[in-house]
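The primary structure of each chain is shown beneath.
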Amino acid sequence: MVTQITRGIKISVLTSFEGTYFKNYKMHFAFSYEITIENHSKDSVQLITRHWEIFDSLSGMEIVDGEGVIGKKPVLKPGESHKYSSGCLLSSPFGAMRGYFNMINFTTTRNFRVVVPSFRLSAPYALN
């Protein structure tokens, strides 16, 4: 598990290899990740948008931007947390992801960026 705290918001990421799948006549490697967002600040915040950089050792990098996470824009009061799971398909057994969440602080009405630390995606059987 990797963790990082930005402005009192703690991000924890746990990854898992889910198996291989054929899609459009190509082999894909499926990975899931679980992200926990904890508000250790004194202010209520809301996650507004996400930005992902997905690295695939065979296909290069893909950028994904979007509203919220899995269709939600969670509001976190001080001491609260939000957990969600998602996933991605890679064309190789090795890759990584990193990114950030754009959030708003309800006390100051300012937007700020929370870093999601880089996390590896690797099929266990492919490691030496």
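For the structure itself, consult the block above.
Below is a short write-up of the structure. Every value quoted in this text rests on a predicted model; they were computed, and no experiment measured them.

Scoring rules and cut-offs
Residues numbered from 1 in each chain as written. Predicted model: local features only at pLDDT ≥ 70, side-chain atom pairs only at ≥ 80, totals over all residues. Heavy atoms only, no water. Helix = DSSP H or I, 4+ residues; strand = E, 2+ residues; numbered from the N terminus. Buried < 20%, exposed > 50% of the residue type's maximum accessible area, 1.4 Å probe, protein only. Lys, Arg positive; Asp, Glu negative; His and termini not counted. Salt bridge = Lys/Arg side-chain N within 4 Å of Asp/Glu carboxyl O. Polar contact = N/O pair within 3.5 Å; in protein donor to acceptor, adjacent residues only side chain to side chain. Contact = heavy atoms within 4.5 Å. Phe/Tyr/Trp six-rings, centres within 6.5 Å; stacked < 30°, edge-to-face > 60°. Lys NZ or Arg CZ within 6 Å of the ring centre and 35° of its normal. Pairing = 2+ DSSP bridges.

1. With respect to the side chain of Asp56
Now for step 1: Within the fold, Asp56 resides in strand S4 (residues 45–56).
Now for step 2: As a buried residue without a salt bridge, Asp56 has its nearest oppositely charged side chain in Lys26, at a separation of 7.5 Å.
Now for step 3: Within polar-contact distance, the side chain of Asp56 engages the backbone nitrogen of Ser91 at 2.5 Å.
Now for step 4: Other than its neighbours up to four places away in sequence, Asp56 contacts Leu90, Ser91, Ser92, Phe94 and Gly95.

2. Re the environment of Phe112
Now for step 1: Looking at the secondary structure, you find Phe112 in strand S9 (residues 111–122).
Now for step 2: Put simply, Phe112 and Thr6 are 106 residues apart on the chain and 9.4 Å apart in space, counted from C-alpha to C-alpha.
Now for step 3: When sequence neighbours within four positions are dropped, the list of residues in contact with Phe112 reads Arg7, Ile9, Val45, Phe101, Asn102, Met103, Ile104 and Asn105.

3. A word on the packing of aromatic side chains
Now for step 1: Tallied over the full model, the rule gives five aromatic pairs.
Now for step 2: Consider the rings of Trp52 and Phe101, whose centres lie 6.1 Å apart with planes at 80°: the pair is edge-to-face. Taken together, the residues span a long stretch of sequence, with Trp52 in strand S4 and Phe101 in strand S8 (residues 94–105) at a distance of 49 residues. Assigned by exposure class, Trp52 and Phe101 land together as buried.
Now for step 3: Stacked on the ring of Tyr100, the Lys or Arg Arg113 has its end atom at 3.7 Å from the ring centre.

4. Structural notes on the pairing of S8
Now for step 1: By the bridge criterion, 11 bridges tie S4 to S8 in an arrangement that is antiparallel. Bridge assignment links Glu53 to a residue of S8, and that residue is Arg98.
Now for step 2: Where S8 lies against S9, 10 bridges are found, and the strand directions are antiparallel. Each residue of the ladder has a partner; that of Phe101, found in S9, is Val114.

Purely geometric numbers; function is a separate question.
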